[in-house]
Amino acid sequence: MMVRNVVIGMLFVTVIAPIVLYTDRLGTFPTFSSSSSSNDFVEDVTTFAFNGETGRLNVLSQESSSKFKESIGMVYSDNSHHQSLSDSSKVILESSTDTGNSKKGESREHASARVLSTTNEENRSMSENAIKQVTDDEIEDGNQVKPDTDTEGDGKDDAMGTDSKEIQKQINDVSGDTAAKHEQTTESSVRVVKREPAKTRPEKQNERVAIPDGRVRHLKDQLVRARVYLSLPATRNNPHFTRELRLRVKEVQRVLGDASKDSELGKNSYDKLKAMEQTLTKGRQIQDDCASAVKKLRAMLHSTEEQLRVHKKQTLFLTQLTAKTLPKGLHCLPLRLTTEYYTLNTSEQNFPNQEKLEDPQLYHYALFSDNVLAAAVVVNSTITRAKDPAKHVFHIVTDRLNYAAMRMWFLVNPPGKATIQVQNIEEFTWLNASYSPVLKQLASQSMIDYYFRTHRASSDSNLKFRNPKYLSILNHLRFYLPEIFPKLNKVLFLDDDIVVQKDLTGLWSLDMKGNVNGAVETCGESFHRFDRYLNFSNPLIAKNFDPRACGWAYGMNIFDLDEWKRQNITDVYHSWQKLNRDRQLWKLGTLPPGLITFWKRTFPLDKSWHVLGLGYNPSVSQKDIERAAVIHYNGNMKPWLEIGISKYRNYWAKHVDYDHLYLRDCNINP
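Residues numbered from 1 in each chain as written. Predicted model: local features only at pLDDT ≥ 70, side-chain atom pairs only at ≥ 80, totals over all residues. Heavy atoms only, no water.

Visitor: Can you walk me through the pairing of strand 5 (residues 419-424) in this structure?
Guide: Across the 6 residues that make up strand 5, a large majority, 6, are buried. Neither face of strand 5 is exposed, since T419, Q421 and Q423 on one face and I420, V422 and N424 on the opposite face are all buried. Two elements, strand 4 (residues 392-398) and strand 5, share 6 bridges in a ladder whose sense is parallel. Residue pairing for strand 5: F394 is matched across the bridge by I420. Crossover connection from strand 4 via helix 14 (residues 403-412) to parallel strand 5: handedness right-handed. (Buried < 20%, exposed > 50% of the residue type's maximum accessible area, 1.4 Å probe, protein only. Helix = DSSP H or I, 4+ residues; strand = E, 2+ residues; numbered from the N terminus. Pairing = 2+ DSSP bridges. Right-handed = clockwise from strand over helix to strand, strands pointing away.)

Visitor: When you look at the pairing of strand 3 (residues 363-368) in this model, what are you seeing that I'm missing?
Guide: As a general feature of sheets, a regular strand has side chains that alternate between the two faces. Among the 6 residues in strand 3, 5 count as buried, and that is most of the element. Relative to strand 4, strand 3 runs parallel, the two being bridged by 6 bridges. Bridging across to strand 4, F368 finds its partner in V397. The β-α-β motif built from strand 3, the intervening helix 13 (residues 372-385) and the parallel element strand 4 has right-handed crossover chirality. Looking at chain direction, strand 3 and strand 6 (residues 490-494) are connected through 3 bridges and run parallel. Its bridge partner lying in strand 6, Y365 is registered against L492.

Visitor: What is the right way to read helix 10 (residues 269-286) from this model?
Guide: In an α-helix, one turn spans 3.6 residues; hence positions three or four apart end up facing the same way. The first and last C-alpha atoms of helix 10 sit 26 Å apart over 18 residues, in line with the 26 Å expected at 1.5 Å per residue. Buried within helix 10 we find S269, L273, A275, M276, T279, L280 and G283. Considered in projection along helix 10, the buried side chains sweep an arc of 165 degrees and stay on one side of the axis. Away from its buried face, by an angle of more than 90 degrees, helix 10 presents the exposed residues Q278 and Q285. (Expected span 1.5 Å × (residues − 1). Arc of directions from axis to C-beta.)

Visitor: What should I look at first to understand the packing of aromatic side chains in this one?
Guide: Each aromatic ring pair is specified by the distance between its two centres and by the angle formed by the two planes. Following the criterion strictly, the structure yields 23 aromatic pairs and no others. A ring pair is formed by W564 and F598, whose centres lie 5.4 Å apart and whose planes are at 70 degrees; its orientation type is edge-to-face. A residue pair is termed long-range when its members are at least 10 positions apart, and W564 in helix 19 (residues 561-567) and F598 in the loop between helix 21 (591-597) and strand 10 (602-604) qualify at 34 residues. One exposure class covers both W564 and F598, and it is buried. (Phe/Tyr/Trp six-rings, centres within 6.5 Å; stacked < 30°, edge-to-face > 60°.)

Visitor: What am I meant to see in the nonpolar core here?
Guide: General note: in soluble globular proteins, nonpolar side chains tend to be found buried as a group. If you look at the biggest cluster of nonpolar residues, it comprises 65 residues, and the most contacted ones within it are L333, L492, L504 and W652. Here the element with the most residues in this core is helix 13; it accounts for 9 residues. The contact partners of L504, leaving out residues within four places of it in the chain, are Y365, L492, W609, A629 and V630. (Core = buried A, V, L, I, M, F, W, Y, C linked by side-chain atoms within 4.5 Å. Contact = heavy atoms within 4.5 Å.)

Visitor: Before we go on, may I ask you to explain the sheet that holds strand 12 (residues 630-632) in this structure?
Guide: Strand pairing in a sheet relies on backbone hydrogen bonds. The paired strands run either parallel or antiparallel. Pairing is mixed in the open sheet, where 3 strands are placed in the order 7-12-11. Of all strands in the sheet, those bounded by a partner on one side alone are strand 7 (498-500) and strand 11 (610-611). Here strand 11 runs beside strand 12; their pairing, made up of 2 bridges, is parallel. Residue H610 lies in a different strand from strand 12, and its bridge partner there is V630.

Visitor: Can you help me understand the environment of L362 in this one?
Guide: Mapping L362 onto the fold places it in the loop between helix 12 (328-341) and strand 3. The exposure class of L362 is buried, given its relative accessible area of 12%. With 129 residues separating them in the primary sequence, L362 and V491 have C-alpha atoms 10.0 Å apart. With sequence-adjacent residues up to four places away left out, L362 is seen in contact with K356, K391 and V393.

Visitor: Please clarify how helix 13 should be interpreted in this entry.
Guide: If you check helix 13, its first and last C-alpha atoms are 20 Å apart, about what 14 residues at 1.5 Å a residue would give, namely 20 Å. Of all 14 residues that make up helix 13, 11 are buried, and the element is covered over most of its length. Buried within helix 13 we find V372, L373, A374, A375, A376, V377, V378, V379, S381, T382 and I383. Backbone nitrogen of L373 and a side-chain oxygen of the N-cap are separated by 3.2 Å at the start of helix 13; the cap is N371. (Polar contact = N/O pair within 3.5 Å; in protein donor to acceptor, adjacent residues only side chain to side chain.)

Visitor: Mind showing me how you'd approach a nonpolar patch on the surface here?
Guide: Taken together, the side chains of M2, V6 and M10 define a hydrophobic patch exposed on the protein surface, amounting to about 350 Å² of accessible area. Note on M10: relative accessible area 52%, which makes it exposed. (Patch = residues over 30% accessible without salt bridge, like charges linked within 9 Å, V, L, I, M, F, W, Y side chains within 5 Å. Areas by Shrake-Rupley, 256 points an atom, 1.4 Å probe, with all protein chains shown as cover. Salt bridge = Lys/Arg side-chain N within 4 Å of Asp/Glu carboxyl O.)

Visitor: Would you mind showing me how to read the state of the cysteines here?
Guide: A disulfide bridge is the covalent bond that connects two cysteines by way of their sulfur atoms. Going through the model one piece at a time under the given rule, you end up with 2 disulfides. At a sulfur-sulfur separation of 2.1 Å, the disulfide partner of C332 is C666. Handedness here is read from the sign of the S-S torsion; for C332 and C666, about -70 degrees, the answer is left-handed. With C332 in helix 12 and C666 in the segment after helix 24 (661-665), the pair connects residues that are 334 residues apart, well separated along the chain. A relative accessible area of 25% places C332 in the partly exposed class. Indicated for the protein chain is the disulfide connectivity 1-4, 2-3, based on numbering the bonded cysteines in sequence order. (Disulfide = S-S within 2.5 Å.)

Visitor: Before we go on, may I ask you to explain the packing of helix 7 (residues 214-231) against helix 9 (residues 239-256) in this structure?
Guide: Each pair of packed helices can be summarised by the angle the axes make with each other and by the distance between the axes. It is the contact of helix 7 with helix 9, at a shortest axis distance of 10 Å, that shows an interaxial angle of 150 degrees. The orientation of helix 7 relative to helix 9 falls into the category roughly antiparallel. Where helix 7 crosses over helix 9, the handedness of that crossing is left-handed. Across from V216, L219, K220, Q222, L223, A226, R227, Y229 and L230 in helix 7, the residues of helix 9 making contact are T242, L245, R246, V249, V252, Q253 and L256. (Axes fitted to C-alpha atoms, helices over the stretch in contact; angles between N-to-C directions. Parallel < 35°, antiparallel > 145°, perpendicular 65-115°, else oblique. Left-handed = near helix turned anticlockwise from the far one by under 90°.)

Below is the structure:
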């Protein structure tokens, strides 16, 4: 009896008392305010969440709560990683020595579950917060964390950056029992976050590095390198390699051909590229004199630049020459029309509605041109967009050679209800050298020498200023509008290289605030300012004008003829033309004297009225073109020439009837 009491007392001291003691202590933790079941423990310990995904811990056996016994304590028995849990582990291990009492076993199970569940819950909560912070920060930074590779070495800790420091600060605030495990969990989590971008990074690099038509460029680069090797002494001293390299050059040239895109290359292009690369590798091994290679490359570069300079000069000359010439079809058309015109009776040569020509209540247009087809497009496009064509009157002035052809075209192709007038400049008897200084200058011997003796040292090197179109008085008629239309109040001036896309009648009702000329300004770029056209080294120009003043465009201009007469604009023009008789104030043309004559007399129109550049600029915005009232093919690349910019040609060509008998006879095609 006494022995039994001693055994029971020892059993109480060694087993029951510790269990009660630790159960009491752990029960004071907030986490254990409500006990966890063994099923909850298994679910909490064996699963973890990362970025919203649930995974299973392979370290733990996936057993039910009835089978999950004391072995759970062994998971955290590794002192090297979880020394802070040693006391709890010892208690659990001691409690595992008794296997006879099922109630005590159940109690031990709950005790171990509470110990580990507390540790796991705190660690998991801290770990998830840390992982979420790292992940969110990296998403905001665009996944710019470097992948953890072997070559980075100690640098991977630096790659964690500020995020890992913040996480470490949070870890330090946790109690000592959970610090070690949380540190391991956090480091593992950051390592996962760091490695994830490494999977996608090569794809992003490939996207950035991808070069369009890279194989064509590579083949061309190989040809350059091959030519360098063939010119070096080490290669010439190796006949076998020289023959092989020349063979590879021929193969690559044959494969490359005229291809400019990878899709145009043959199927065996990659094989030839690899073969050439192998041969070039041999050449790199043979050639050990880098100085010779550099010298050869510099020589090739200098030669290429010189060839480019020559080709640019030739291109400029040929472009200017093409702009000066008239295509065969456009030369044929006026001849054909002139012949037909003189076969008509006198009564058939007159236009209808001639009583409208001087009616100031109508919309009057002035068009000065010697190009029949271009003038036809201007009239056709304007009438097509007009709301009331019967109120529109077109005054066309041309030279003596094209007068009959121009009249015949509009007799055969009348512009609907609109009124047409065609005049011959020879009929303007008031326009003579005694009245017009520019007409006197154009007829002078010095001007003729300037245009036709192009090889003289004194001639201008810029071919643009030697275009014979400047010899035509048609270009200068725009300065004599009140003399040509004495009974009109307003006139809309149009160049013959424009296309009208909207109704223009709103221009006549504009309040120009006392200005004479309404035009679209072109000062968006530096070369469209006054100093681009006028010689500001001349004190007369520098004194009267601002070099940074906005230029404006001829091509579509509304002129108030009443204000013109009131401000005596024609005399202003004449006085400046007399001062420029030796071309010291500006080169030839009509825009420079226009800028001077209408200085501080120009009303700026909205840019949507007039869009320029279709004759020289291939980058004009499609949106600007479509919303413009008038598009202007200013420049050398006119739409009726072969050098015209193809993507703009249809805006002009759709107003030409290429099935017309005269156009077919002259072989004028789109």
